[in-house]
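# Observations on the model geometry
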Amino acid sequence: MADKLRVGVIGCGSMTTNHTYGYLNSARYEVVGISDLSEQAMSDFDEKFAEYSDYKAEHFTDFREMLSKARPEVVSVGVWHKGHSPMTVAAAATPGVKAVLCEKPMADSLGAAREMLIKTAKNGVKLVIGHQRRFLPAYTLARQMIEDGEIGDVRLITSVAGDGLPNYATHQTDMFRYLLGDVECTWVTGQVERQTDHWERATPIEDKALAVFGFENEAQAMIVSDLTPVRWQGARIYGSQGMIEMTTDDLYLMNANSSGWAHHKPDGEFLKYGEDRFEWIEAGAAQARELADWVEGRSDYHRNNGDNGYKALEMIHGVYESARLHEQVFIPVKTMVNPLEEMINDGHLQVRYPGRHDIRAGQLRGENLGEDIDNA
Ligand SMILES: NC(=O)c1ccc[n+]([C@@H]2O[C@H](COP(=O)([O-])OP(=O)(O)OC[C@H]3O[C@@H](n4cnc5c(N)ncnc54)[C@H](O)[C@@H]3O)[C@@H](O)[C@H]2O)c1
C-alpha cells in the first residue's frame, strides 16, 4: 500500500467530522493537522477520533499556518458557506496540496464558485464538493435502474426541501443530475418569498420557494421548499413505464414486472443496510475512497468534482435569478453575484417582519449569534 495521504482540516465542525470518519474508515489517509478559531472545537474533534491510529492532528488557530506547517496533500474545507471559496483558493495556492474536499453549497455566489474552479485548475489541484449522497447505495441503484430502462423515460422527479435552497436543496439539484446520468439542466423557473430576515449559516435565505428545472433529455424536476413542514432527502421519480420512490436508505420500484411496489434495500460497500448512521458513514467513506483513487491516479474522475458542484449551485441560483427577473432562466446563469442578495439589497424583496434570525445560530460558540467566518 502506498503512503497514506496527509489531510489538513479547516473548521472542526459537524461536516468535517463526517469527512474525517470518511478519511479514516477508507484507510487511505492520515490526518495531520486541524484548524479552528476555537481550541475547544479542536479538542472536541480529537476526542471523536482518539481510537484511530491514523489520526495524529496538530492544532492551529490560523488555517493558513496549518496549510504551511502541517503540509497536507488533501484539505477539507468545512466552515460556513462564505469561507468555502477563499479557503479553497488559499489551499489550492499552497505548495504540496493535491486536492480540496469542500462542503456544499460550493460557495455563496457563482462568482466565488468560479474562482474555486479557476484557481484549482490553474494549480492542478483536484476539487471535490461534498454532495456525498451520490455515494448512497439507494441513489446509485436508482440511477442504474433508470439507465437500464426500468421506468422508461423519466418525465418528472419531485423533491421536498426546507431551511433554504442553498442549504438543503443543492443536494437535490445535484441528485437530479446524478439520477439522470449527469445530463445537463437547460432551464430553470422559480418563485421565492422572503417576508422575514431569514439567514442560514450567515447567508440570507428565502422563507419559501418553488422551483422547476428542465433537462436536455426532456425530463423535468421540481422542488417544493418550505411550503409545508415536510422535507426529506430523496425523490419520487415518474417515468413513462414506472415509478421509483427513493430515500437515503432504500427505494421502492413499480413497473409492469414488479407486482406492486418492490422494496430494494442495497447494502453499502463499507456498511450493511440499516447499520447505525448508515447514510453518513457509508457515503463519507466512499466519497473519500474515490478521492484517494483520483488523487493517486487510479481513476480520472470523481463524481463530486467541482464542475458537478458548480452545476448544482447554478441550478439553485437560477431559481433566485428567475425570481429576480420574473422569467425563465436558461443555463448558464450569467449573473455572478447571489441573485437573492441582489433582490434584498436593491429593495426588490422587502422584509415585512424585520429582525435578523439565523437558523444555525445555535451552532455558534460563546456569545456569538451571527457570523462565524473570520480571517478567511
Ligand atoms: N454535505 C452535507 O450533508 C452537509 C451537512 C451539514 C453541513 N454541511 C455544510 O458544511 C459546512 C459547515 O457546516 P457545519 O454545520 O459543519 O458547521 P459547524 O458550525 O458545525 O462548524 C464550523 C466550524 O468552523 C469553524 N471556523 C469558523 N471560521 C473559521 C476559520 N477562519 N478558520 C478555521 N475554522 C473556522 C468554527 O469555529 C466551527 O467550529 C456548511 O457550509 C454546511 O452547508 C453539509
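Residues numbered from 1 in each chain as written. Predicted model: local features only at pLDDT ≥ 70, side-chain atom pairs only at ≥ 80, totals over all residues.

### Thoughts on the overall build of the protein chain
Applicable threshold: Here a helix means four or more residues in a row that DSSP labels H or I, a strand means two or more in a row labelled E, and each is numbered from the N terminus. Radius of gyration here uses only the C-alpha atoms, and the compact-globule reference equals 2.2 Å multiplied by the residue count raised to the power 0.38. Comment: burial labels come from other C-beta atoms within 10 Å of the residue's own C-beta, placed from the backbone, where a count of 20 or more is buried, 12 or fewer is exposed, and between is partly exposed.
Broken down by element type, the protein chain carries ten helices and 18 strands. A compact globule built from 376 residues should have a C-alpha radius of gyration of about 21 Å, and the protein chain, at 20 Å, falls within 12% of that. Each of the three principal axes of the protein chain carries a C-alpha extent, and together these read 55 × 50 × 35 Å. Here the protein chain holds 376 residues, and the buried ones make up 49% of them.

### A word on the site of the ligand
Here is the rule: Here, nearness is defined through the C-beta atom: a residue counts as near a molecule or strand if that backbone-placed atom lies within 6 Å of it. Amino acids are sorted into nonpolar (Ala, Val, Leu, Ile, Met, Phe, Trp, Tyr, Cys and Pro), charged (Asp, Glu, Lys and Arg) and polar (every other residue, Gly among them).
Around the ligand, 29 residues are found, and the nearest of them are Gly11, Gly13, Ser14, Met15 and Glu103. When the residues that make up the shell around the ligand are grouped by side-chain class, the tally is ten nonpolar, 13 polar and six charged.

### As for the pairing of strand S3 (residues 55-60)
Quick reminder of the rule: Note on pairing: two strands pair once DSSP finds at least 2 bridges between them. Convention used here: a crossover is right-handed provided that the path from the first strand, over the helix, to the second strand proceeds clockwise when the strands point away from the viewer.
Summarising the sheet, strand S2 (residues 29-35) and S3 pair through four bridges and their orientation is parallel. Looking at the pairing, Val31 lines up with Tyr55 of S3. Each parallel crossover has a hand, and the one from S2 via helix H2 (residues 39-48) to S3 is right-handed.

### With respect to unusual backbone geometry
Of note, the amide linkage connecting Lys104 to Pro105 takes the cis form, showing an omega dihedral of -10 degrees. Take Pro105: it is sitting in the loop between strand S5 (99-102) and helix H5 (110-122). Although it is not a glycine, Ala27 adopts a positive phi angle of roughly 60 degrees. Take Ala27: it is sitting in the loop between helix H1 (14-26) and S2. Non-glycine residue Glu218 carries a positive phi angle of around 80 degrees. Following the sequence through the fold, Glu218 ends up in the loop between strand S11 (208-215) and strand S12 (220-225).

### Observations concerning the environment of Glu314
Note that Glu314 resides in helix H9 (residues 306-325). Judged by local crowding, Glu314 falls into the buried class, with 21 C-beta atoms found within 10 Å. Taking the C-alpha atoms as reference points, Glu314 and Glu279, separated by 35 residues in sequence, lie 26 Å from one another.

### Notes on the nonpolar core
So the rule is basically this: Think of a nonpolar core as buried Ala, Val, Leu, Ile, Met, Phe, Trp, Tyr and Cys residues, each tied to the set through C-beta atoms within 7 Å. Any residue pair is listed as a contact if its two C-beta atoms, each placed from the backbone, are within 7 Å.
The biggest cluster of nonpolar side chains holds 100 residues, and the ones touching the most others in it are Val100, Ala142 and Leu179. Ignoring anything within four residues of it in the chain, the contact list for Ala142 reads Leu179, Ile237, Ile244, Met246 and Leu251.

### As for the pairing of strand S4 (residues 74-77)
Residues of S4 alternate between two faces, with Val74 and Ser76 on one and Val75 and Val77 on the opposite face, all of them buried. Where strand S1 (residues 5-10) lies against S4, four bridges are found, and the strand directions are parallel. Paired with Gly8 across the two strands is Val75, which belongs to S4. As a crossover connection, the stretch from S4 through helix H4 (residues 84-92) into S5 is right-handed.

### Focus on the sheet that holds strand S10 (residues 203-204)
Pairing in this open sheet of three strands is mixed, and the strands run S10-S9-S18 from one edge to the other. Looking at the sheet topology across the chains shown, the edges are occupied by S10 and strand S18 (353-358).

### Side note on the environment of Pro95
Mapped onto the elements, Pro95 comes out in the loop between H4 and S5. Among the residues examined, Pro95 registers 8 C-beta atoms within 10 Å and is labelled exposed. Separated by 25 residues in sequence, Pro95 and Ala70 have C-alpha atoms that sit 12 Å apart.

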